[in-house]
Amino acid sequence: MPVSKATLTRIQEVAARYPSKQSAIIPALWAVQHEQGYVTEAAMGEIAQALQLPPSLIEATASFYSMFLTRPEGRHDVVICVNAPCMLRGADEMKDYLQRALGVRDGQTTSDGAITWHSTIECLGVCGGAPMMQVDHQFEENLTPERIDAIIDRLRKQPAIHGAAATPAATDPKKPQAVPPVKGEKVRSGAEGARARGKRSQA
Amino acid sequence: MGIKRVLTKDFATENLRQVSVYERTGGYTGFKKALEMQPDDLVELVKKSGLRGRGGAGFPTGNKWSFVPKNAPRPTYLLCNADESEPGTFKDRVIIEKDPHLLIEGMIISAFAIGSCPMAYIYIRGEFYYGATVLDAALEEARAKGFLGKGIFGSSFDFDITVHRGAGAYICGEETGLIESVEGHRGQPRVKPPFPAVVGVFGGPTVVNNVETLACVPFIINKGAEWFKSFGTPKNTGPKLYCVSGSVKKPGVYEFPMGMNLKELIYDHCGGITGDRKLKAVIPGGASAPMLTADEIDLPLNFDAVMKAGSMLGSAGIIVLDESVCIVDAVWRLAKFFAHESCGQCTPCREGTNWMESVLDRLERGEGRPQDADLLLDMSDNIGGKSLCALGDAAIGPVISSVKKFRDEYLHHVTHKSCLPETKRYRRLDMAVAAH
Ligand SMILES: Cc1cc2nc3c(=O)[nH]c(=O)nc-3n(C[C@H](O)[C@H](O)[C@H](O)COP(=O)(O)O)c2cc1C
Ligand code: SF4
Ligand code: FES
């Protein structure tokens, strides 16, 4: 599936807000993921072309960040935090409940393709509302089994939130103010970096 | 309650996110006042206020600004650190979502004070999608008002702000990891020196400040350094947000002056311990901060006092653990977090954090060995101070302190192959927890 013209144009606009076009890699990956739900190798190639950078550079950056998906998942993404602050408020019990309610293991997608879920020790920055989970772009706090049931019900009926409409204005500057490019800009090779960090690629 | 709120005073105001409402509460007056002043005087004022960074290290903000060289060959950049990923920390998101213009105003003033700064970036963690949209909407309004753009209010000051979303990496909260990430690279910290104030993002001098730090700036300009110093003690000044999580009846973000008493905060304001159980330990400054025991908490929460007590105020993420919590389980999760988030550049941190996690894991599983407690201390010794960035040191904070303060509980895991009888078994061993 080729990246849409609108997204490619947006990527160019974002790039104008940085003195180095490499800075647009992460916003570009977001723009593509919001349009398509994940970022394929081919899409990375298109980003590379749009930014006139070697494709290896896009891949090297993308693989470091755990939120970029490289393959399709369920229509909705559910992440439950089980780090210590959440554990102290019953996150493990909620996680068990979620797993039973969805009937698939950590990291998997329900058979109807509605929900992919996983637990995480990456604190999601909402410890005060624990137990909590992230549902697509929203935080659901103070979870109870009843609330989890209601959320799952809602998600099973709801279409995916990914798509052109989901792209935040962050990547849509109306009046981009160009910044002068840096002279002698350093371009990094993809081989740099000790290891890939993508959580799904580890699994 | 008679407590003067500053940062959160208008949070209950409806539609505070709209620029017109924000202006009605007195917003953007600090900005207008600042534009009439000399940048150097602004830096001096912030220095005098005693403002110290709220991102973790407590570094004096005015001093940081004054390290930026004048007439550097490249533009200076301001980076707002909104990565907020330290377990137990959830204050910056509240400012961003409730009062985005406060942050924006603080950033405009700061950029003007620092000088030759054409653009600032707000590095917001990828999960804060909603926060990013709130900021974008607010920025659009600020541009329409002429608070951002070319020749702001008829001055020669050109300045704009861009929201840069992260994508899931704690290490991008470290200032040089953040710089790498803004440049579009993997978020791997740089060797310091050179410090960012001299060579940072895009090769220019760079100031990295936390959201809450920048949010303090408009008040300092408006009300003066002396007023700011009326909160707290001479070396620890200003209003402060405290994030309280874990075993308390009323968790949440609380604003009090710097130096709030930890015991009072937990018992008088957060409703005490869940189920009226006994307090076991408190982590006062986010996951990186060493633990305090129940009898160490009669303590003012300011940078110096908490450090003197052997821990750190850090991001003021206060994690409360009650008697039903297994210390090994809690520390294992924190260790797993650091192992997962290590960027992998330096061997002691990459290997050490993983080893620590697996030793804690086997202890919790009842497969621990008698020497494991000492082994953990020994490993900590080999990570601390031997890594490139502060993540290595952060990772050992909870481990060392818990082994030293709860050694009996560690030993119980070895001799009885199980947790203390009074602790709840949070962890289900039949299932891989947090495989991701
Ligand atoms: C591993 C690591 C993670 C960090 N994460 C954050 C963070 O999420 N937010 C933050 O403001 N500072 C974080 N810091 C501290 C920053 O490096 C930096 O000191 C801070 O943003 C400076 O801002 P301040 O002077 O206003 O506190 C982190 C530091 C380390 C070592
Ligand atoms: S200490 Fe850890 S996180 Fe920091 S640079 Fe080294 S490996 Fe990366
Ligand atoms: S520990 Fe779960 S959101 Fe912070």
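Rules behind the numbers
Residues numbered from 1 in each chain as written. Chains lettered and ligands numbered in written order. Predicted model: local features only at pLDDT ≥ 70, side-chain atom pairs only at ≥ 80, totals over all residues. Heavy atoms only, no water. Helix = DSSP H or I, 4+ residues; strand = E, 2+ residues; numbered from the N terminus. Near = heavy atom within 4 Å. Polar contact = N/O pair within 3.5 Å; in protein donor to acceptor, adjacent residues only side chain to side chain. 1 Å grid on protein atoms, 1.4 Å probe; cavity = no way out; pocket = protein on both sides within 12 Å on 5 of 7 lines; lining within 4 Å. Sits in = over half its atoms within 2 Å of the grid points. Salt bridge = Lys/Arg side-chain N within 4 Å of Asp/Glu carboxyl O. Buried < 20%, exposed > 50% of the residue type's maximum accessible area, 1.4 Å probe, protein only. Contact = heavy atoms within 4.5 Å. Buried area = accessible area lost by both parts, 1.4 Å probe. Pairing = 2+ DSSP bridges. Axes fitted to C-alpha atoms, helices over the stretch in contact; angles between N-to-C directions. Points joined across faces, edges and corners; volume = space filled by probe spheres on them. Nonpolar A, V, L, I, M, F, W, Y, C, P; charged D, E, K, R; others polar. Phe/Tyr/Trp six-rings, centres within 6.5 Å; stacked < 30°, edge-to-face > 60°. Lys NZ or Arg CZ within 6 Å of the ring centre and 35° of its normal. Parallel < 35°, antiparallel > 145°, perpendicular 65-115°, else oblique. Left-handed = near helix turned anticlockwise from the far one by under 90°. Domains from an automatic or database assignment.

J.: Where do I start with the overall build of chain A in this structure?
T.: Each helix and strand counted, chain A has eight helices and four strands in total. For chain A, the succession of helices and strands along the chain, N to C, is α-α-α-α-β-α-α-β-β-β-α-α.

J.: It is not clear to me how the site of ligand 1 should be interpreted in this structure. Could you clarify?
T.: All names here are of chain B. Residues in contact with ligand 1 amount to 18 residues; listed here are only the nearest, Gly55, Lys64, Asn209, Asn210 and Thr213. Contact between ligand 1 and Asn81: an oxygen atom at 2.9 Å from a side-chain N or O atom of the residue. The backbone of Gly173 places a nitrogen or oxygen atom 3.2 Å from a nitrogen atom of ligand 1. Among the detected pockets, ligand 1 sits in the largest pocket. With three residues, strand 4 (residues 206-210) is the single largest residue contributor to the shell around ligand 1.

J.: Is there a simple way to think about the pattern of salt bridges in this case?
T.: When the charged atoms of two side chains lie near each other, side chains of opposite charge can form a pair. Using the criterion set out here, one finds 33 salt bridges over all chains in the structure. A salt bridge links A:Asp92 to B:Arg333; the nearest nitrogen and oxygen atoms lie 2.7 Å apart. Taken together, the positions of A:Asp92 in helix 6 (residues 91-102) and B:Arg333 in helix 13 (residues 327-341) put the pair across two chains. Summarising the burial analysis for this pair, A:Asp92 and B:Arg333 share the class buried.

J.: Is there a simple way to explain the environment of B:Phe157 in this structure?
T.: Of note, B:Phe157 is situated in the loop between helix 7 (129-144) and strand 3 (160-165). In this structure, the C-alpha to C-alpha distance between B:Phe157 and B:Ser116, residues 41 residues apart in sequence, is 8.4 Å.

J.: Mind showing me how you'd approach the interface of chain B and chain A here?
T.: When the parts of a complex come together, some accessible area is lost, and that lost area is often used as the size of the interface. At the junction of the two partners, chain B supplies 86 residues and chain A supplies 69 residues. In total, about 6,400 Å² of surface goes out of reach between chain B and chain A, with carbon and sulfur atoms giving 53% of it. On the surface where chain B and chain A come into contact, there are three salt bridges. Counting across the chain B and chain A interface gives 24 residue pairs in polar contact (both at pLDDT 80 or more).

J.: Got a minute to help me understand the sheet that holds strand 2 (residues 115-120) of chain A in this structure?
T.: Think of a sheet as strands paired side by side through backbone hydrogen bonds, with each pair either parallel or antiparallel. Residue and element names in this part refer to chain A. Spatial ordering of the open sheet is given by 2-1-3-4, a layout of four strands whose pairing is mixed. Sheet topology places strand 2 and strand 4 (138-140) at the edges, where each strand pairs with a single neighbour. Going from strand to strand, the sheet's axes swing by 25° on average, the running direction of each strand aside. When strand 1 (residues 76-81) meets strand 3 (residues 133-135), the two strands line up antiparallel, connected through three bridges. Of the residues in strand 3, the one forming a bridge with Val79 is Gln134. Each of strand 1, strand 2, strand 3 and strand 4 is contacted by helix 7 (residues 145-157), which is oriented at about 15° to strand 3, the strand it contacts most.

J.: So what exactly am I meant to see when it comes to the sheet that holds strand 1 (residues 77-82) of chain B here?
T.: Residues and elements named next belong to chain B. Across the sheet, four strands lie side by side as 3-2-1-4; this open sheet has parallel pairing. At either margin of the open sheet sits one strand with a lone partner, and together these are strand 3 and strand 4. Taking the axes of each pair of neighbouring strands and ignoring which way they run, one obtains an average angle of 20° across the sheet. In the sheet, strand 1 pairs with strand 2 (residues 119-124) via six bridges, with the strands oriented parallel. Within strand 2, the residue paired with Cys80 across the bridge is Ile122. This element, helix 9 (residues 211-223), spans strand 1 and strand 4 of the sheet and lies at about 90° to strand 4.

J.: Before we go on, may I ask you to explain the pairing of strand 10 (residues 279-283) of chain B in this structure?
T.: All names here are of chain B. Across the five residues of strand 10, five count as buried, placing the element largely inside the fold. Here strand 10 runs beside strand 11 (residues 292-293); their pairing, made up of two bridges, is antiparallel. Each residue of the ladder has a partner; that of Ala281, found in strand 11, is Thr293.

J.: Can you help me understand the side chain of A:Gln33 in this one?
T.: All names here are of chain A. Residue placement: Gln33 occurs in helix 2 (residues 25-36). On the basis of relative accessibility, which here comes to 4%, the residue Gln33 falls in the buried class. Setting aside chain neighbours within four positions, we find Gln33 in contact with Tyr38, Val39, Met67, Phe68, Leu69 and His162.

J.: In this structure, what is going on with the layout of surface pockets? I would like to understand it.
T.: Any empty space left between the atoms is revealed when a probe the size of a water molecule rolls over them. Size it by volume and the largest pocket reaches roughly 1,300 Å³. Among the elements of the structure, strand 4, helix 12 (303-308) and helix 16 (391-405) of chain B are those that each provide at least two residues to the lining of the largest pocket. Here the lining of the largest pocket takes five residues from strand 4 of chain B, the largest share from any one element. Its residues placed into classes, the lining of the largest pocket shows 20 nonpolar, 17 polar and 13 charged. Here the second largest pocket is characterised by a volume of approximately 450 Å³. As for the second largest pocket, its lining consists of 31 residues, of which A:Gln33, A:Met67, A:Leu69, A:Asp77 and A:His162 are closest to the centre. Listed by contribution, the elements that provide at least two residues to the lining of the second largest pocket are helix 2, strand 1, strand 2 and helix 8 (199-202) of chain A. With four residues, the top contributor of residues to the lining of the second largest pocket is helix 2 of chain A.

J.: I would appreciate a short explanation of the packing of aromatic side chains in the present structure.
T.: Think of a pair of aromatic rings as described by two things: how far the centres are apart, and how the planes are tilted against each other in angle. Considering all chains together, one arrives at 21 aromatic pairs over all chains under this definition. The interplanar angle of 75° and the centroid separation of 5.1 Å between the aromatic rings of A:Phe64 and A:Tyr65 together place this pair among those described as edge-to-face. Overall, the relative accessible area of 0% leaves A:Phe64 in the buried class. Aromatic pair B:Tyr28 and B:Phe31: ring centres 6.0 Å apart, planes at 85°, arrangement edge-to-face. Three or more aromatic residues link up through ring pairs in this structure, and these residues are B:Tyr22, B:Tyr28, B:Phe31, B:Phe147 and B:Phe153. The ring of B:Phe128 carries B:Arg93 above its face, with NZ or CZ at 6.0 Å from the centroid. The lysine or arginine in question, B:Arg125, covers the ring of B:Phe128, its NZ or CZ lying 5.5 Å from the ring centre.

J.: Would you mind showing me how to read the packing of helix 14 (residues 347-364) of chain B against helix 15 (residues 372-383) of chain B here?
T.: How two helices sit against one another is set out by the angle between their axes and by the gap between those axes. Residues and elements named next belong to chain B. The N-to-C vectors of helix 14 and helix 15 enclose an angle of 165°; their axes lie 10 Å apart at closest approach. Taken together, helix 14 and helix 15 sit at an angle that is classed as roughly antiparallel. For the element pair helix 14 and helix 15, the recorded crossing hand is left-handed. Where helix 14 abuts helix 15, its residues Pro348, Cys349, Gly352, Thr353, Trp355, Met356, Val359, Leu360, Arg362 and Leu363 lie against Asp372, Leu375, Leu376, Met379, Ser380, Asn382 and Ile383.

J.: Help me understand the environment of B:Ile104, please; the structure alone is not making it clear to me.
T.: Its place among the elements puts B:Ile104 in helix 6 (residues 100-114). Here B:Ile104 is in contact with B:Tyr28, B:Leu135, B:Ala138, B:Leu139, B:Ala142 and B:Ile161, once residues within four sequence places are set aside.

J.: Hey, could you run me through the domain arrangement of chain A in this one?
T.: According to the domain assignment, chain A contains domain 1 (5-64) and domain 2 (76-171). Taking only C-alpha atoms into account, the centre of domain 1 of chain A sits 27 Å from that of domain 2 of chain A.

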